[in-house]
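An overview of the molecular structure
In case you want the letters, here they are:
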Amino acid sequence: MVKGSIKLSKYQPLWEYVANKNAYPLKLNFDEIFSIIGFPIDHSFLTCKKEAADFGFAVIKISMKGKTVLFDRL
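Turning next to the environment of Ser44. Inspection of the secondary structure assignment puts Ser44 in helix α3 (residues 44-48). Taking the C-alpha atoms as reference points, Ser44 and Tyr11, separated by 33 residues in sequence, lie 9.7 Å from one another. Once you skip the residues sitting within four places of it in the chain, Ser44 turns out to touch Lys10 and Tyr11. Within the local environment of Ser44, its side chain forms a polar contact with the side chain of Lys10, the two groups lying 3.3 Å apart. Polar side-chain contacts of Ser44 include one of 2.4 Å to the side chain of Asp42.

With that out of the way, let us pick up the pairing of strand β4 (residues 57-63). In this structure, β4 lies alongside strand β5 (residues 68-73), joined through six bridges in antiparallel fashion. Residue pairing in the sheet places Ile62 in a bridge with Val69 of β5. Linking two consecutive strands that pair antiparallel, namely β4 and β5, is a turn of four residues; a positive phi of about 55 degrees is found at Lys67 within it.

So, on to the packing of helix α1 (residues 12-19) against helix α2 (residues 30-37). Between α1 and α2, whose axes approach to 8 Å, the crossing angle comes to 110 degrees. With respect to their mutual orientation, α1 and α2 come out roughly perpendicular. Crossing hand, α1 versus α2: right-handed. The residues of α2 that touch α1, namely those facing Pro13, Leu14 and Tyr17, are Ile33, Ile36 and Ile37. The residue inventory of the contact of α1 with α2, partitioned by class, reads six nonpolar, no polar and no charged.

The rules behind these values
- Residues numbered from 1 in each chain as written.
- Predicted model: local features only at pLDDT ≥ 70, side-chain atom pairs only at ≥ 80, totals over all residues.
- Heavy atoms only, no water.
- Helix = DSSP H or I, 4+ residues; strand = E, 2+ residues; numbered from the N terminus.
- Contact = heavy atoms within 4.5 Å.
- Polar contact = N/O pair within 3.5 Å; in protein donor to acceptor, adjacent residues only side chain to side chain.
- Pairing = 2+ DSSP bridges.
- Axes fitted to C-alpha atoms, helices over the stretch in contact; angles between N-to-C directions.
- Parallel < 35°, antiparallel > 145°, perpendicular 65-115°, else oblique.
- Left-handed = near helix turned anticlockwise from the far one by under 90°.
- Nonpolar A, V, L, I, M, F, W, Y, C, P; charged D, E, K, R; others polar.

Right under this line is the structure:
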């Protein structure tokens, strides 16, 4: 998707959701993420996670075993 000259990420709804939370660190499971973005996270998440910094937080840990993602403020 392109809005003007800014390319929007498919994970933008997740970044906005996490940025609007006040409790950090924030842990979301894969099902919660699915309900926010409407599709399961995939390997592209690994390269897109750096976009989180534009919203003031970072992806700290992705647990495939626990099926969770941990976010924290920068």
